[in-house]
Amino acid sequence: MFLQTVMLLLQEEGIDSCAQECWSAYPLTIAKFLNGRPDHVLFAGMAIGYADREMPVNRLVADRAPLEEFARFRGI
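This write-up is about the structure you can find in this document. (Residues numbered from 1 in each chain as written. Predicted model: local features only at pLDDT ≥ 70, side-chain atom pairs only at ≥ 80, totals over all residues. Heavy atoms only, no water.)

**Quick word on the overall build of the protein chain**
For step 1, the next point in the chain: When helices and strands are counted, the protein chain shows three helices and two strands.
For step 2, the next point in the chain: From first element to last, N terminus to C terminus, the protein chain shows the α and β order α-β-α-β-α.
For step 3, the next point in the chain: Projected onto its principal axes, the C-alpha positions of the protein chain cover 50 × 40 × 25 Å.
For step 4, the next point in the chain: Scored against the burial criterion, the 76 residues of the protein chain give a buried share of 7%.
For step 5, the next point in the chain: Summing over all exposed atoms, the protein chain offers an accessible surface of approximately 7,200 Å²; the carbon and sulfur share of this is 61%. (Helix = DSSP H or I, 4+ residues; strand = E, 2+ residues; numbered from the N terminus. Buried < 20%, exposed > 50% of the residue type's maximum accessible area, 1.4 Å probe, protein only. Areas by Shrake-Rupley, 256 points an atom, 1.4 Å probe, with all protein chains shown as cover.)

**Examining unusual backbone geometry**
For step 1, the next point in the chain: For Asn35, which is not glycine, the phi dihedral falls at a positive 55°.
For step 2, the next point in the chain: Looking at the element boundaries, Asn35 is found in the loop between helix H2 (27-34) and strand S2 (45-49).

**Looking at the side chain of Asp16**
For step 1, the next point in the chain: Summarising the element assignment, Asp16 is placed in strand S1 (residues 16-20).
For step 2, the next point in the chain: Asp16 gets classed as buried once you look at its relative accessible area, which sits at 14%.
For step 3, the next point in the chain: Looking at Asp16, its side chain comes within polar contact range of the main-chain nitrogen of Ala51, at 2.8 Å.
For step 4, the next point in the chain: When neighbours within four sequence positions are excluded, Asp16 is seen to be in contact with Gln11, Ala47, Ile48, Gly49, Tyr50, Ala51 and Arg53. (Polar contact = N/O pair within 3.5 Å; in protein donor to acceptor, adjacent residues only side chain to side chain. Contact = heavy atoms within 4.5 Å.)

**Brief notes about the pattern of salt bridges**
A side chain of one charge can pair with a side chain of the opposite charge if their charged atoms are brought near each other.
For step 1, the next point in the chain: According to the stated counting rule, one finds two salt bridges in the structure shown.
For step 2, the next point in the chain: Of the charged contacts, one joins Asp16 and Arg53 as a salt bridge, the two residues approaching to 3.1 Å between their closest N and O atoms. Here Arg53 lies in the loop between S2 and helix H3 (67-70) and Asp16 lies in strand S1, a separation of 37 residues in the sequence.
For step 3, the next point in the chain: A salt bridge links Arg37 to Asp39; the nearest nitrogen and oxygen atoms lie 2.7 Å apart.
For step 4, the next point in the chain: Arg37 sits in the partly exposed class, given a relative accessible area of 48%. (Salt bridge = Lys/Arg side-chain N within 4 Å of Asp/Glu carboxyl O.)

Next comes the structure, spelled out in structure tokens:
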């Protein structure tokens, strides 16, 4: 939720971001690189900057299921 909130605030300012939870899979590598303490684990990171809209990877639009397919709202 924290990362999502930061990402939404960045988007509001016109800044792009990419959450990176994969760091949790490499705790020893990350700890060594960051000179971290052995009792700490970096769980997630975030890339922050401006997307290059000309790069094909930044034009990808993923298909999404319609809201009605995965959610039901009752009492609204």
